[in-house]
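Listed below are the residues making up each chain.
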Amino acid sequence: MESNRQKKIAGILQEDLVDVLQRAASEGGLKGILISVTKVNVTVDLSIAKVYLSIFPNKEAKPLLEGIRSNKPLIRHELAQRTRHQLRRMPQLEFFIDDSLEYIDGIERSLKGEDNPLENPDLLGKRKKS
C-alpha cells in the first residue's frame, strides 16, 4: 500500500517526465512517436522510482527504451532541476515498457477471431497448460 507521500511524489515525477521525454523526442527528430508515462511507483524509502512507459508504435519501443535508459543521468538531472523546490533528493529512475495495451488487444483479437474459446469450447484443451 502506497503512502500519500509516495503517491504525491509519483504524480510529480509522472507529470514532469512526460514533458521531459516528449520534448527530448521532438528535439531528437523522432516524428510520429508517442511516449506516455502510464505509471510511476516510488519505493517506501523514496530512493527508487519505477517508471512504466507506453510507446507507440510498438516496433519502436525496444530501441527507444534502450536510448532512454542510456540517457538516465541526463533525464534525472532535468527532473531534479524541475522539482528542486518540491523534493530534496531525486530518486533513481528505472524504466520499463508497459505492455498492458498489447495484452488487452490480444484478448480482443482472440475473442473476435476464429480462435474464440467461448464459441468453440474444443479450443480450451489446446490452451490449457499441462
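Up top you'll find the structure we're talking about.
A.B. asks: I tried to follow the overall build of the chain on my own but got confused; where do I start?
C.D. replies: Of the regular secondary structure elements, the chain holds five helices and three strands. Element order for the chain, N to C, with α for helix and β for strand: α-β-β-α-α-β-α-α. Each of the 130 residues in the chain was classed as buried or not, and the buried ones make up 27%. Look at the contacts in the chain between residues 6 or more apart in sequence, and 57% of them connect residues 24 or more apart.

A.B. asks: What should I look at first to understand the nonpolar core in this one?
C.D. replies: One recurring pattern in soluble globular proteins: nonpolar side chains tend to sit buried together. Counting 26 residues, the largest nonpolar core has Leu13, Val40, Val51, Leu53, Ile75, Leu79 and Phe95 as its most contacted members. Contributing elements (two or more residues each) for this core: helix 1 (4–27), strand 1 (34–42), strand 2 (48–56), helix 2 (61–70), helix 3 (72–82) and strand 3 (92–97). In terms of residue count, helix 1 provides more of this core than any other element does, seven residues in total. Each residue touching isoleucine 75, except ones within four places of it in the same chain, is listed here: Leu17, Val20, Leu21, Ile68, Leu93 and Phe95.

A.B. asks: Help me understand a nonpolar patch on the surface, please; the structure alone is not making it clear to me.
C.D. replies: Taken together, the side chains of Leu101, Tyr103, Ile104, Ile107 and Leu111 define a hydrophobic patch exposed on the protein surface, amounting to about 510 Å² of accessible area. Mapped onto the elements, leucine 111 comes out in helix 4 (residues 100–112).

A.B. asks: What is the right way to read the environment of glutamate 2 from this model?
C.D. replies: Within the fold, glutamate 2 resides in the segment before helix 1. A residue is classified by how much of its surface remains accessible, and glutamate 2, at 25% relative accessible area, is partly exposed. Along the sequence, glutamate 2 and valine 42 sit 40 residues apart, while their C-alpha atoms lie 8.4 Å from each other. Ignoring anything within four residues of it in the chain, the contact list for glutamate 2 reads Lys7, Val40, Asn41 and Val42.

A.B. asks: What should I look at first to understand the environment of serine 100 in this one?
C.D. replies: For serine 100, the position within the fold is in helix 4. A relative accessible area of 33% places serine 100 in the partly exposed class. Taking the C-alpha atoms as reference points, serine 100 and serine 54, separated by 46 residues in sequence, lie 8.8 Å from one another. There is a polar contact of 3.1 Å between the side chain of serine 100 and the side chain of aspartate 98.

A.B. asks: I would appreciate a short explanation of the side chain of aspartate 16 in the present structure.
C.D. replies: Structurally, aspartate 16 can be placed in helix 1. Although aspartate 16 is buried, it forms no salt bridge, and the closest oppositely charged side chain is arginine 82 at an N-O distance of 4.2 Å. The contact partners of aspartate 16, leaving out residues within four places of it in the chain, are Leu79, Arg82 and Thr83.

The rules behind each value
- Residues numbered from 1 in each chain as written.
- Predicted model: local features only at pLDDT ≥ 70, side-chain atom pairs only at ≥ 80, totals over all residues.
- Heavy atoms only, no water.
- Helix = DSSP H or I, 4+ residues; strand = E, 2+ residues; numbered from the N terminus.
- Buried < 20%, exposed > 50% of the residue type's maximum accessible area, 1.4 Å probe, protein only.
- Contact = heavy atoms within 4.5 Å.
- Core = buried A, V, L, I, M, F, W, Y, C linked by side-chain atoms within 4.5 Å.
- Patch = residues over 30% accessible without salt bridge, like charges linked within 9 Å, V, L, I, M, F, W, Y side chains within 5 Å.
- Areas by Shrake-Rupley, 256 points an atom, 1.4 Å probe, with all protein chains shown as cover.
- Salt bridge = Lys/Arg side-chain N within 4 Å of Asp/Glu carboxyl O.
- Polar contact = N/O pair within 3.5 Å; in protein donor to acceptor, adjacent residues only side chain to side chain.
- Lys, Arg positive; Asp, Glu negative; His and termini not counted.

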